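Topology and contacts: notes
As a plain string of letters, each chain reads:
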Protein chains: 2
Amino acid sequence: MNFLEKRILKDGGIKAGGILMADAFLNHQMDVALLERIGAEFVSRFAGLNVTKILTIETSGVGVAYPVARTLGVPLVVARKAPSVKLSGEVYTAEIMDFTGQTIDQVIVAKKYLSENDHVLIIDDILANGYTLQGLISIVDSADAVVEGLGIAIEKGFQEGGYRIRNLGYRLESIAIIDAMDDATGTITFRQQ
Amino acid sequence: MNFLEKRILKDGGIKAGGILMADAFLNHQMDVALLERIGAEFVSRFAGLNVTKILTIETSGVGVAYPVARTLGVPLVVARKAPSVKLSGEVYTAEIMDFTGQTIDQVIVAKKYLSENDHVLIIDDILANGYTLQGLISIVDSADAVVEGLGIAIEKGFQEGGYRIRNLGYRLESIAIIDAMDDATGTITFRQQ
């Protein structure tokens, strides 16, 4: 087991309906030392790529993306969810379903922060059905920029997001992949990587 | 002029209605090297305090708070705005008016992440009318924890937030204080500190 899998077992939780609680260390309360380690792991896995921008999405993506942007010395672009956003000028937008599969959210990035010259590494904290990542990929495509790879802290491997993104030919690296969770017994099974 | 004031003049903008645009470096696109410098400035100004938690609020607060939490080696608690939030268990809540003075937002922190033993440094990116900071102070009070200080990157000194918070006896440090902005001429006047 790697450091993140150990931490999920120690401080994570499972709620009925396949909801993973990582609020003790990943999003509501951030353990910055852990985020630094996650960031270093992304930098190591994506070493040698020509990355000009990190792209993540509010809110919890910022914690895992920050150390990657710092180490690579590139700007961190934070996609916003409407209607939280008051951006001036032209924007790229993508529509994504939320995890219930019903509500449509709009994801927005100002056009001036992504261009056809950009090579983008997309970083986020949790991957489930992949709707959010597909929205971010669509925004990079709209800018005629290149997606160099996608880095995720925790992938819920029992949902279809990871399969779908890899199937599209993208390089997706997840530090911990959960293949099964049982909220009755509290058991979490990780994929061997 | 300090490094942040220079950057505001270089890359900031003013929109009609007293709206400062800092999206090129502070929130929508984050210049992580700048955020590191802002964080180091907070660490220096609040040196010697016994801080056990950093408290900020989603989304843009995370960027300025992250390097402070890393350097001090303490957890970073990110207050959430309802209804973005799916927290389990009991929560502290505070109601805050938004900048229009009309809509009421609810700010939420899970009770397990703030206790009476905590000494809290509140960090955020922009201070205007102070409603958000007052909500965060109210949450720390609800936990019977201590507010050690408040650190802000950019204070709009021509609005009443900074005056109000200092008047309550809190130690508030803002790296750049804007005393006047003129969207017709594009002029920004900083307070001498």
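Owing to the predicted nature of the structure, the values given are computational and were not obtained by experimental measurement. (Residues numbered from 1 in each chain as written. Chains lettered and ligands numbered in written order. Predicted model: local features only at pLDDT ≥ 70, side-chain atom pairs only at ≥ 80, totals over all residues. Heavy atoms only, no water.)

1. Focus on the environment of isoleucine 96 of chain A
Residues and elements named next belong to chain A. Counted only if it meets this: A helix here means a DSSP run of H or I that spans at least four residues, while a strand means a run of E at least two residues long, and both kinds are numbered starting from the N terminus. Only protein chains enter the accessibility calculation, which uses a 1.4 Å probe; a residue whose area is less than 20% of its type maximum is buried, one above 50% is exposed, and one in between is partly exposed. When checking whether two residues touch, look at their non-hydrogen atoms; a contact exists if any pair is within 4.5 Å.
The residue isoleucine 96 is located in strand β6 (residues 91–97) in this model. Classification of isoleucine 96 by relative accessible area gives buried; the value is 5%. Between the C-alpha atom of isoleucine 96 and that of tyrosine 131, which follows or precedes it by 35 residues, the distance is 5.6 Å. Look past the residues within four positions of isoleucine 96 in its chain and what remains in contact with it is Thr103, Ile104, Asp105, Val107, Tyr131, Thr132 and Gly135.

2. Description of the side chain of glutamine 29 of chain B
To keep things clear, this is the line we draw: N or O atoms closer than or at 3.5 Å make up a polar contact, with two conditions inside protein: a donor-capable atom paired with an acceptor-capable one, and, for residues adjacent in sequence, both atoms drawn from side chains.
Following the sequence through the fold, glutamine 29 of chain B ends up in strand β3 (residues 29–30). Here the side chain of glutamine 29 of chain B touches lysine 53 of chain A through a polar contact of 3.4 Å, side chain to side chain. Here glutamine 29 of chain B is in contact with Lys53, Pro75, Leu76, Val77 and Tyr113 of chain A together with Asp23 and Ala24 of chain B, once residues within four sequence places are set aside.

3. Here we look at the pairing of β6 of chain A
Residue and element names in this part refer to chain A. Counted only if it meets this: Two strands qualify as a pair provided DSSP detects at least 2 bridges between them.
Covered by surrounding structure in β6 are Tyr92, Ala94 and Ile96 only, the residues Val91, Thr93, Glu95 and Met97 on the alternate face being uncovered. With 7 bridges connecting them, β6 and strand β7 (residues 104–110) associate as antiparallel partners. Counted as the bridge partner of glutamate 95 is glutamine 106 from β7.

4. Observations concerning the confidence of the model for chain A
How we decide: Think of pLDDT as the predictor's per-residue confidence, scored from 0 to 100.
The predicted model of chain A averages 93 in pLDDT, with 95% of residues at 70 or higher. Both scores are given for the predicted complex: the pTM is 0.95, the ipTM 0.94.

5. Topic: the interface of chain A and chain B
For clarity, the cut-off: Throughout, buried area stands for the accessible area (probe radius 1.4 Å) lost by two parts on being put together, summed over both. Throughout this description, the term salt bridge denotes a Lys or Arg side-chain nitrogen within 4 Å of a carboxyl oxygen of Asp or Glu.
Each partner contributes to the interface: chain A provides 36 residues, whereas chain B provides 36 residues. Together, the buried faces of chain A and chain B total about 3000 Å²; carbon and sulfur atoms form 61% of this surface. Counting the surface chain A buries against chain B, the share from its top three residues, His28, Tyr66 and Tyr113 of chain A, is 26%. Counting across the chain A and chain B interface gives 2 salt bridges. The closest approach of N and O atoms between aspartate 23 of chain B and lysine 112 of chain A, which form a salt bridge, is 3.8 Å. At the boundary of chain A and chain B, one finds 17 residue pairs in polar contact (both at pLDDT 80 or more). At the level of elements, β3 (29–30), α2 (32–45), α3 (61–72), β5 (76–81) and β7 of chain A are the ones that each hand at least two residues to the side of chain A that touches chain B. It is α3 of chain A that provides the largest number of residues to the side of chain A that touches chain B, a total of 6 residues.

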